[in-house]
Amino acid sequence: MAHHAQAVGRYVTIHVDEVEYEVFYLRNGQGQPLVCQHAAGSHNHQWRSLLEDSEITRRYDVIAYDLAYHGKSDPPANRNWWESEYRLTADHFMKFVLRFCDALNLERPIFSGVSFGGNLALQLARYHADRFRAVLPIGAMHHSPGFHQEIWRSPRANPARAIPAAMWDSLSPHSPERDRRLVMHHASQGAAAFHGDTYFYSVDHDLRQELGNIDCRACPVVLMSGSYDYLAPPEAVEAYARKIPGSVFIELDGLGHLPMAENYPAFRRYLLEALKVVERKSRVSAA
Amino acid sequence: MQTSEWAGQFASASDVDPVVSAHGRGFTCSYLLDMGSSRALVEMVDGRVHRITPDPGPLESYDFALRACAATWRDMAQTVPAPGCQGIFAASATRDMRIEGDIAVLMRNLGGITRQIELLRQVGLPQ
């Protein structure tokens, strides 16, 4: 008898600033939607274990999409995308998520993202708080300068091999090697998009002057950072979290920058804790 | 362990390592490990250690150098390193690791280099 995973993949067509995308997503569960964004240069398999976690999917409708240019979501369907440089902006990235949620008729989903997806979660909390029940940024910074570098697309550097290898250092040595190798495998598949992703990550994303304007009463923010995450170190995340009134910070002991992908069994208890925080804050808000 | 003795053990560990072997084709470069009190010049050809020169002289050339104090290397060589010491980029962000030279050469060989740095957890460090 063949074993089938519970998650099912589909495509949905969306339009963002008149650009047409056929977006691939994996989905499993019921109840409160939980929308998940992968890291730069990767795809939605980073969320594969969450999608199969029955304790969560019996209460949460888990949806992990591939951003355009990543995984099975192709570049624009109605543009000669090969004639221009891919460069992801904060505005386009946010609109992509909003149009995707519109297409699936999701009412106030929880949004979680990792690394540059976590940075996006902070942007959404700042500029579209009314659209989300909460955001869960993982390995996120309010500002991540220095990573939009030519080396990521230099033929001298062999980006398809260099980018995954560079990711390795951000992971925890406690995490299973098999899962860390999968992180690298996924990153090698999206290497062509990585440089364009870092434009958002390192250049266009800058919330240093906006942290105090994030309204956690409208959209609770629960930040998570692994103790081995040198890109979003716990002490740095905790420091900027203090500038977001009402935000909650959870340190992920023994985990790295991509915890849901590198060691889901260790990560899930923190995720459950974060979801409990959201439930509690939602009850308070409703009362 | 003297640097010359360490060089032999490091070369043996690298040449039999399954990860370096599996991805070694094209892993050709030269780099300096500057560990404060000791230094070694490693030359790789197609995934195998061609030569290791202990304490190279000032006129020796190489593609790039990895420089940090002895304490940083010692912490990186722990069986399970502490946060910030799990690799050269982590150590450059949190400790005194400096990456100098032709970065493109480092990056295109990064998988192999990263694995070799982790072999220090098995082999240990020269004194």
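Below: a short report on this structure.

Reading the values: rules and limits
Residues numbered from 1 in each chain as written. Chains lettered and ligands numbered in written order. Predicted model: local features only at pLDDT ≥ 70, side-chain atom pairs only at ≥ 80, totals over all residues. Heavy atoms only, no water. Helix = DSSP H or I, 4+ residues; strand = E, 2+ residues; numbered from the N terminus. Rg over C-alpha atoms; globule rule 2.2 N^0.38 Å. Buried < 20%, exposed > 50% of the residue type's maximum accessible area, 1.4 Å probe, protein only. Contact = heavy atoms within 4.5 Å. Areas by Shrake-Rupley, 256 points an atom, 1.4 Å probe, with all protein chains shown as cover. Lys, Arg positive; Asp, Glu negative; His and termini not counted. Charge placed at Lys NZ, Arg CZ, Asp CG, Glu CD. Pairing = 2+ DSSP bridges. Axes fitted to C-alpha atoms, helices over the stretch in contact; angles between N-to-C directions. Right-handed = clockwise from strand over helix to strand, strands pointing away. Salt bridge = Lys/Arg side-chain N within 4 Å of Asp/Glu carboxyl O. Patch = residues over 30% accessible without salt bridge, like charges linked within 9 Å, V, L, I, M, F, W, Y side chains within 5 Å.

### Let's talk about the overall build of chain A
Then, in step 1: Counting its regular elements, chain A contains ten helices and eight strands.
Then, in step 2: Computed over C-alpha atoms, the radius of gyration of chain A comes to 18 Å, within 12% of the 19 Å expected from 2.2 N^0.38 for 287 residues, which places it in the range of a compact globule.
Then, in step 3: Its C-alpha atoms give chain A principal-axis dimensions of about 55 × 50 × 40 Å.
Then, in step 4: Counting all 287 residues of chain A, 59% fall into the buried class.
Then, in step 5: Restricting the contact set of chain A to residue pairs at least 6 apart, pairs at least 24 apart contribute 75%.
Then, in step 6: For chain A, the exposed area adds up to about 12,000 Å²; of that, 47% sits on carbon and sulfur atoms.
Then, in step 7: One way to put it: in chain A the 30 positive side-chain charges average out to a point 4 Å from where the 33 negative ones average out.

### Describing the sheet that holds strand E5 (residues 98-101) of chain B
Residue and element names in this part refer to chain B.
Then, in step 1: The sheet built from five strands is open, its strands ordered E3-E2-E1-E4-E5 with mixed pairing. Whereas interior strands pair on both sides, the edge strands pair on one side only; in this sheet they are strand E3 (48-54) and E5. Direction aside, the axes of adjacent strands within the sheet are offset by 20° on average.
Then, in step 2: One ladder, built from four bridges, connects strand E4 (residues 64-67) with E5; its direction is antiparallel. What sits directly across from Ala65, in E5, is Glu100.
Then, in step 3: Sheet strands touched by helix H1 (residues 3-16): strand E1 (29-34), strand E2 (39-45) and E3. Its angle to E3, the strand with the most contacts, is close to 170°.

### Concerning the side chain of Gln123 of chain A
Then, in step 1: Among the secondary structure elements, Gln123 of chain A is positioned in helix H4 (residues 116-127).
Then, in step 2: Non-local contacts of Gln123 of chain A, meaning those with residues more than four positions away in its chain, are made with Ala90, Met94, His128, Phe200, Asp204, His205, Asp206 and Leu207 of chain A.

### Some points on the pairing of strand E6 (residues 134-138) of chain A
All names here are of chain A.
Then, in step 1: The buried count for E6 comes to five of five residues, which makes it a mostly enclosed element.
Then, in step 2: Here five bridges tie strand E5 (residues 110-114) to E6, and the two strands are oriented parallel to one another. The residue bridging Val114 from the neighbouring strand is Ile138, located in E6.
Then, in step 3: Read from E5 through H4 to E6, the crossover connection turns out right-handed.

### Describing the pattern of salt bridges
Residues and elements named next belong to chain A.
Then, in step 1: On inspection of all chains with the given rule, the structure shows 24 salt bridges over all chains.
Then, in step 2: The salt bridge involving Asp17 is made with Lys95; its shortest N-O contact spans 3.0 Å. Taken together, the residues span a long stretch of sequence, with Asp17 in the loop between strand E1 (8-16) and strand E2 (19-29) and Lys95 in helix H3 (residues 90-103) at a distance of 78 residues.
Then, in step 3: Lys95 gets classed as partly exposed once you look at its relative accessible area, which sits at 24%.
Then, in step 4: The salt bridge partner of Asp53 is Arg268, with a shortest N-O separation of 2.8 Å. Taken as a pair, Asp53 in the loop between helix H1 (48-51) and helix H2 (54-57) and Arg268 in helix H10 (residues 264-286) lie far apart in primary sequence, 215 residues in all.
Then, in step 5: For Asp53, a relative accessible area of 8% translates into the label buried.

### Some points on unusual backbone geometry
All names here are of chain B.
Then, in step 1: Look at Asp46: it is not a glycine, yet its phi comes out positive at around 50°.
Then, in step 2: Structurally, Asp46 can be placed in the loop between E2 and E3.
Then, in step 3: The partly exposed category is assigned to Asp46, whose relative accessible area is 41%.
Then, in step 4: A positive phi angle, close to 45°, is found at Asp55, a residue other than glycine.
Then, in step 5: With respect to the element layout, Asp55 can be found in the loop between E3 and E4.
Then, in step 6: Its relative accessible area of 47% is what places Asp55 among the partly exposed residues.

### Side note on a negative patch on the surface
Then, in step 1: Side chains of Glu235, Glu238, Glu251 and Asp253 of chain A sit close together on the surface and give a patch of like negative charge.
Then, in step 2: Structurally, the position occupied by Glu235 of chain A is in helix H8 (residues 234-241).

### Let's talk about the environment of Pro126 of chain B
Then, in step 1: The residue Pro126 of chain B is located in the segment after helix H6 (110-123) in this model.
Then, in step 2: For the pair formed by Pro126 of chain B and Arg48 of chain B, sequence separation is 78 residues and the distance between their alpha carbons is 20 Å.

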